[in-house]
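# Architecture and fold: a report
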Amino acid sequence: MFNKGEIIHHSRDKLGSILVIDYRKHRVLTFNSVFEQSKIDRRYPHVPVHEYSRAMLLPAAFSSPRHVTILGLGGGVMASAFHHLYPECRVHAVELRQAVLDVAREHFGLPDSERLKVTIADARNALSDLPDASTDMILADLYNADRMSPAQAQRQFVEGCSRALSPGGWLVLNYHRTPDPEGPYFRQLRKHFAVLLVFKSKTNNTIVYASKQPFEAIHPKDPALASLEKRLPIDWSRLISRVSRL
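This section reports on the structure supplied with the text. What you see is a predicted model, and the numbers here were worked out from it, not measured in a lab.

Let us look at the pairing of strand β7 (residues 90-95). Of all 6 residues that make up β7, 5 are buried, and the element is covered over most of its length. Of the strand pairs in this sheet, strand β6 (residues 67-71) and β7 are connected by 5 bridges, and their pairing is parallel. Following the sheet pairing, His67 is matched in β7 by Arg90. Assessed by its sense of winding, the connection that carries the chain from β6 through helix α2 (residues 77-85) to β7 is right-handed. Strand direction decides the pairing type here: β7 and strand β8 (residues 116-120), joined by 5 bridges, are parallel. Note on β8: the bridge partner recorded for Val94 is Thr119.

Turning to the side chain of Asp136, a few remarks are in order. Position of Asp136 relative to the elements: it lies in strand β9 (residues 135-140). A distance of 2.8 Å separates a polar side-chain atom of Asp136 from the backbone nitrogen of Arg66. At 2.8 Å, the side chain of Asp136 forms a polar contact with the side chain of Ser166. Leave out the neighbours within four places in its chain, and Asp136 touches Pro65, Arg66, His67, Leu165, Ser166, Gly169 and Trp170.

Attention now moves to the nonpolar core. Within the largest apolar cluster, 41 residues are counted, with the highest numbers of intra-cluster contacts made by Phe82, Leu139, Tyr209 and Trp236. By residue number, the principal contributor to this core is α2, which donates 5 residues. In terms of nonpolar packing, the next biggest core, distinct from the first, is built from 26 residues, Leu142, Phe157, Ala164 and Leu171 among them.

Let's shift gears to the sheet that holds strand β1 (residues 6-13). With antiparallel pairing, 5 strands are arranged side by side in an open sheet as β1-β2-β3-β4-β5. A strand with exactly one partner marks an edge of an open sheet, and here the two such strands are β1 and β5 (44-48). For this sheet the average axis-to-axis angle between neighbouring strands, irrespective of direction, equals 25°. Packed onto the sheet, α2 meets β4 (38-41) and β5 and runs at close to 95° relative to β5. Helix α3 (residues 98-107) rests against β1, β2 (16-22), β3 (26-30) and β4 of the sheet, and its axis sits at about 15° to β2.

Procedures and definitions
Residues numbered from 1 in each chain as written. Predicted model: local features only at pLDDT ≥ 70, side-chain atom pairs only at ≥ 80, totals over all residues. Heavy atoms only, no water. Buried < 20%, exposed > 50% of the residue type's maximum accessible area, 1.4 Å probe, protein only. Helix = DSSP H or I, 4+ residues; strand = E, 2+ residues; numbered from the N terminus. Pairing = 2+ DSSP bridges. Right-handed = clockwise from strand over helix to strand, strands pointing away. Polar contact = N/O pair within 3.5 Å; in protein donor to acceptor, adjacent residues only side chain to side chain. Contact = heavy atoms within 4.5 Å. Core = buried A, V, L, I, M, F, W, Y, C linked by side-chain atoms within 4.5 Å. Axes fitted to C-alpha atoms, helices over the stretch in contact; angles between N-to-C directions.

Below is the structure:
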């Protein structure tokens, strides 16, 4: 992909390269691989471009969170989106690499706001430090240059997320491939969450949604989605029509 864009930033830390590449309209964060970690339209940095990133925001259609925790900052796309979508919401992002945070601030329009806190830490440690029932949504997008972090698929991770979520909270997970719905991971999720849903993106990412409480389904033509679309245009109706319940 590099030959079609201009590399405007290249740095290294102990975990490898960090590149920022500009195309005609878009800006991409990559860890020196064929995979795009984050992508924005430079005119609207708070609007996610990747379909799977947009899909990770869908629980906002069912709940107006007061506090959101994001594990894996990347370019800060989801942090910026929630910061923009809900002016009263506080966002806490956890990022392993200081250099990635620096790039998000300098090149991806990450807001400088008292409502947005970023902690540099291993997500597993940061999760264990969260007080019980202290956050309304946890969005986990833990990836290195070429694969998902195995931490995201561990029993302790699910338990930690469940403990930190409020009684009506949501866990959202970005998976590089769909876990077995009858396998141990989904059995573990069902122990802690009342409802499980999935979304399969065109790039074969699977977004898993786990809600602590039952909720009423929302029709793709619901006026609430039109209201959300005006505030953050990501095609809410089309995305939500592709969510299925497990």
